[in-house]
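Breakdown of the fold
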Amino acid sequence: MHIDPLERTWVVVVGLLTAMMLGVIFYTAWSGDIHPPSNVEVIDSTRLHLTEEFAEDNLGARTQPDGSVRVAMVATRYGFYPQHIEVPVDTPITFRFATPDSLHGLHIPGTNVDTMVIPGFVSEVNTVLQNTGTFPMYCNEYCGLGHHDMWSRVTITPKQG
Ligand SMILES: [Cu+2]
């Protein structure tokens, strides 16, 4: 089979470019310890308010019997509810987020709390927050006209006793 030398050259060039791009992706994922979220838990987004965990009265931070804290929040157009949470410093925290409408993101600057909140799934982030103070928690996935106004606050309090 005859392959034109120019065509052969471009096949090699495209192959090398593809290999280089995949190499960059795998290298940055490996060196930065970046991996896809491991929590795959489905939920009916249209009935969030009827679930026990994401009903309005049950949202917010709750201390568990083992001393860890569990936070349930709803991300919706255009806000995170509750709008303000308080969590203790140097304590294992499990954040759980769900949305009844569209794709949102959630980010607390200066921490590793950064996740997408996808309709139909529960997003879970486990962390230990290191610095006390009040920080913004904002949406980092464009979700509509009010996206720029979608944020809430997290206050990290000193440990008691
Ligand atoms: Cu948004």
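Structure shown above.
All values reported here derive from a predicted model rather than from experimental measurement.

So, on to the overall build of the protein. Tallying secondary structure elements over the protein gives one helix and ten strands in all. Moving toward the C terminus, one meets the helices and strands of the protein in the order α-β-β-β-β-β-β-β-β-β-β. Since a compact globule built from 161 residues should have a radius of gyration of about 15 Å, the 21 Å found for the protein marks it as more spread out than a globular shape. The principal-axis extent of the C-alpha atoms belonging to the protein is close to 75 × 35 × 30 Å. Put simply, the protein has 161 residues, and 34% of those count as buried. The long-range fraction of contacts in the protein, counting pairs at least 24 apart against all pairs at least 6 apart in sequence, stands at 59%. Accessible area for the protein stands at about 10,300 Å²; split by element, carbon and sulfur atoms hold 60% of it.

With that settled, the discussion passes to the side chain of Thr155. Looking at where Thr155 falls in the secondary structure, it is placed in strand S10 (residues 151-157). Judged by its relative accessible area of 14%, Thr155 falls in the buried class. Of note is the side chain of Thr155, whose polar atom sits 2.6 Å from the side chain of His84. In this structure, Thr155 is in contact with His84, Ile85, Glu86, Val87, Gly133 and Thr134, ignoring residues within four places of it in sequence.

Take the nonpolar core next. Judged by nonpolar contacts, the single largest core of 23 residues is most densely connected at Val71, Ile85, Val87, Phe95 and Met137. Listing elements by their share of this core, those giving two or more residues are strand S2 (69-76), strand S4 (84-88), strand S5 (92-98) and S10. Broken down by element, this core gets its largest block of residues, four residues, from S2. In this view, Val87 contacts Ala61, Val69, Val71, Ile93, Leu129, Val154, Thr155, Ile156 and Thr157; residues no more than four positions away in its chain are not counted. Leu48, Leu59, Val74 and Val122 belong to the second largest nonpolar core, which has eight residues in total.

Rules of the game
- Residues numbered from 1 in each chain as written.
- Predicted model: local features only at pLDDT ≥ 70, side-chain atom pairs only at ≥ 80, totals over all residues.
- Heavy atoms only, no water.
- Helix = DSSP H or I, 4+ residues; strand = E, 2+ residues; numbered from the N terminus.
- Rg over C-alpha atoms; globule rule 2.2 N^0.38 Å.
- Buried < 20%, exposed > 50% of the residue type's maximum accessible area, 1.4 Å probe, protein only.
- Contact = heavy atoms within 4.5 Å.
- Areas by Shrake-Rupley, 256 points an atom, 1.4 Å probe, with all protein chains shown as cover.
- Polar contact = N/O pair within 3.5 Å; in protein donor to acceptor, adjacent residues only side chain to side chain.
- Core = buried A, V, L, I, M, F, W, Y, C linked by side-chain atoms within 4.5 Å.

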